[in-house]
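Coordinates in review
The primary structure of each chain is shown beneath.
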Amino acid sequence: MHAHDATCFSPPAGTPCHDDDHPHEECAVFGIWNAKDAAALTALGLHALQHRGQEAAGIVSYDTQFHSHRGLGLVGDVFNDPRVMATLKGDRAIGHNRYATTGATLLRNVQPLFAEFAFGGLAVAHNGNLTNSETLRKELIRRGCLFQSTMDTEVFVHLIATSLYATVEDRLIDALKRVTGAYSLVVLHKDALMGVRDPMGVRPLVLGRLPGEEGSDGSWVLASETCGLDIIGAEYVRDVEAGELVIIDKNGIRSLRPFGETKPHFCVFEYIYFARPDSVLEGLPVYGVRKQIGHELALESGVDADVVVPVPDSGVPSAMGYAEASGIPFELGIIRNHYVGRTFIEPTDQIRNLGVKMKHSPNRPALDGKRVILVDDSIVRGTTSRKIVDMVRAAGAKEVHMRISSPPTKHSCFYGIDTPERSHLLAANHDLAKMAELIGVDSLAFISLDGLYRAMGHESRTAYRERYCDACFTGDYPIPLIDHDREFGEGTA
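Residues numbered from 1 in each chain as written. Predicted model: local features only at pLDDT ≥ 70, side-chain atom pairs only at ≥ 80, totals over all residues. Heavy atoms only, no water.

- The name given to the protein chain in an unreviewed UniProt entry is Amidophosphoribosyltransferase, and the organism recorded there is Acetobacter indonesiensis.
- Here is the UniProt Catalytic activity (unreviewed entry) comment for the protein chain, exactly as written: "5-phospho-beta-D-ribosylamine + L-glutamate + diphosphate = 5-phospho-alpha-D-ribose 1-diphosphate + L-glutamine + H2O".
- Among the UniProt annotations of the protein chain, the heading Pathway (unreviewed entry) holds the following wording: "Purine metabolism; IMP biosynthesis via de novo pathway; N(1)-(5-phospho-D-ribosyl)glycinamide from 5-phospho-alpha-D-ribose 1-diphosphate: step 1/2." (UniProt positions renumbered as here; feature names shortened; annotations may be inferred.)

**Description of empty space enclosed by the protein**
- Summed over all chains, the structure comprises three cavities of 30 Å³ or more.
- In this structure, the largest cavity is lined by 13 residues; those nearest its centre are Cys 413, Tyr 415, Ile 417, Cys 469 and Cys 472.
- The residue makeup of the lining of the largest cavity, split by class, is 10 nonpolar, one polar and two charged. (1 Å grid on protein atoms, 1.4 Å probe; cavity = no way out; pocket = protein on both sides within 12 Å on 5 of 7 lines; lining within 4 Å. Points joined across faces, edges and corners; volume = space filled by probe spheres on them. Nonpolar A, V, L, I, M, F, W, Y, C, P; charged D, E, K, R; others polar.)

**Brief notes about the sheet that holds strand E3 (residues 56-62)**
- Taken in spatial order, the seven strands line up as E4-E3-E5-E2-E11-E10-E12 in an open sheet, and their pairing is antiparallel. Single-partner strands in this sheet number two, and they are strand E4 (66-72) and strand E12 (235-239). When strand polarity is set aside, the average angle formed by the axes of neighbouring strands in this sheet is 15 degrees.
- Direction of pairing for strand E10 (residues 206-210) relative to E12: antiparallel, over a ladder of four bridges. Among the inter-strand pairings, Arg 209 is bridged to a residue of E12, identified as Glu 235.
- Of the strands in this sheet, strand E2 (27-33), E3, strand E5 (92-98) and E10 touch helix H1 (residues 38-48), which is tilted by about 25 degrees from E5. (Pairing = 2+ DSSP bridges. Helix = DSSP H or I, 4+ residues; strand = E, 2+ residues; numbered from the N terminus. Axes fitted to C-alpha atoms, helices over the stretch in contact; angles between N-to-C directions. Contact = heavy atoms within 4.5 Å.)

**Structural notes on unusual backbone geometry**
- With omega at 0 degrees, the peptide bond leading from Gln 111 into Pro 112 counts as cis.
- The topology assignment puts Pro 112 in the loop between E5 and strand E6 (113-117).
- Each neighbour pair has its own omega, and for Pro 312 with Asp 313 the value is -5 degrees, a cis peptide bond.
- Topologically, Asp 313 is positioned in the loop between strand E18 (307-310) and helix H10 (316-326).

**Comments concerning the sheet that holds strand E13 (residues 245-249)**
- Sheet architecture is open: six strands sit in the order E6-E7-E8-E9-E13-E14, paired in antiparallel fashion. Looking along the sheet, the strands with just one partner apiece sit at the ends: E6 and strand E14 (252-256). Shown here is a sheet whose adjacent strand axes are inclined to one another by a mean of 20 degrees, direction ignored.
- Pairing of strand E8 (residues 181-189) with strand E9 (residues 192-197) involves six bridges; the strand directions are antiparallel. Residue pairing in the sheet places His 189 in a bridge with Ala 192 of E9.
- On the sheet, helix H6 (residues 168-178) packs against strand E7 (120-130), E8, E9, E13 and E14 and is oriented at approximately 165 degrees with respect to E8.

**Remarks on the environment of Ile 248**
- When you line up the elements, Ile 248 lands in strand E13.
- C-alpha of Ile 248 to C-alpha of Leu 193: the two residues are 55 residues apart in sequence and 5.1 Å apart in space.

**Observations concerning the pattern of salt bridges**
- Applying the stated criterion across every chain, the model contains 24 salt bridges.
- Here Glu 225 ties to Arg 52 by a salt bridge, and the two come within 2.6 Å at their closest N and O atoms. Of the two residues, Glu 225 is situated in the loop between strand E11 (219-223) and helix H7 (227-230) and Arg 52 in the loop between H1 and E3; the sequence distance between them amounts to 173 residues. Accessibility classification places Glu 225 together with Arg 52 in one group, the buried group.
- Look at the salt bridges and you will find they share partners, linking Arg 52, Arg 203, Glu 225 and Glu 270 into a network. (Salt bridge = Lys/Arg side-chain N within 4 Å of Asp/Glu carboxyl O. Buried < 20%, exposed > 50% of the residue type's maximum accessible area, 1.4 Å probe, protein only.)

**As for the pairing of E5**
- Along E5, seven of the seven residues are buried, which leaves the element largely enclosed by surrounding structure.
- Residue alternation in E5 divides its side chains into two sets, Arg 92, Ile 94, His 96 and Arg 98 and Ala 93, Gly 95 and Asn 97, and both sets are buried.
- Note: E2 against E5, seven bridges, orientation antiparallel. Within E5, the residue paired with Val 29 across the bridge is His 96.
- Where E3 and E5 come together, seven bridges link them in antiparallel fashion. Looking at the pairing, Gly 58 lines up with His 96 of E5.

Structure below.
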């Protein structure tokens, strides 16, 4: 057990400090084929997918040769210079937004990764996490491979390079069969754009079509979410299926199933928090699911109160659903400042404690003298929850009840989501009563696993557990944790 303070767990030394104390998605990917201004459209797509990663962004395009630009920061900062965009020529491109879960935030760790092979150039962008990347990396280094980054994405590049197959397609399939983990990939070489999801389809990838001018075949688009299609006016065609490889070239589009029959286990947390509310994933509208979670939460754990207040922005749809089902008025009792970047102030303890006020401000007239139900999407360490509860009480709230639109996060994610180790997860170390005491609320409740599955249109988890990955709640990991098990021994996740 690591040391913790009186109210909640503090991050381990050397861990990046995430003031909002939420899990963080690893990355977003985007690809487009046969489009005028392909790089500019890719930048727009990445802008819509900014919520999936804010550390860095990159684009690789192709005309008669490959062009690349990568940088640290937000998409609007990395691609705000027309001179940069003018260098990214060609009618095909892939792009990537990065949130660092493996590898430090250094320029050499920014994707897409590009390499020259015997067959020509190849660019790769990856969302997710390989659970055998360290095992493969050690093996590849023994074979003489030189790694330029600390990302598991580079494992794909070396596996493709060392494959004995002749075609790019077969080399990629050979590499895919060597890796284990959760991933969506977009791959660009001079003759094709390819997209692939891991055999269980844990991470999302959608296929879209941008209508062309008269006489044109139009453009094919790959994106992590449908909101990446919407921003450029592309029509949603379908989700790339679990274990599917789509290949887009001058002859159109074709599909391969290199893994044979697979059992999908889509990440359930995409619906709770990661995806943008206006996206549709695996046929379900994210906004509708979140509202329905709020309905279920109200039915399961209703309490007498005067107002339902979301913790913005991720708690808003569930709070709306809770208010509808309970008949208690919905109020914006907390206002979020959307223009908070990285603080230039030295992060002393005093300043760090004020950090929540930089992002959230109480709307005192909506809270003063009221019994308040706060709705949020998750509790990870509990640090921010405690600060928000204190802030709401300081604004005059008589009672504060917290309702969470996910089950308790009791296990770490190894599939591309940045969560702390178990010793720093509040729900892994305390029962409900102790958690309520630590974050300072009058009552605390999480949606049940069955309630979550009902919100997604299923009778219960038992009836549909094979369809989703919910390992962060249950510890039921569908993909082997090869590196982790070798380091810590079986059964310690």
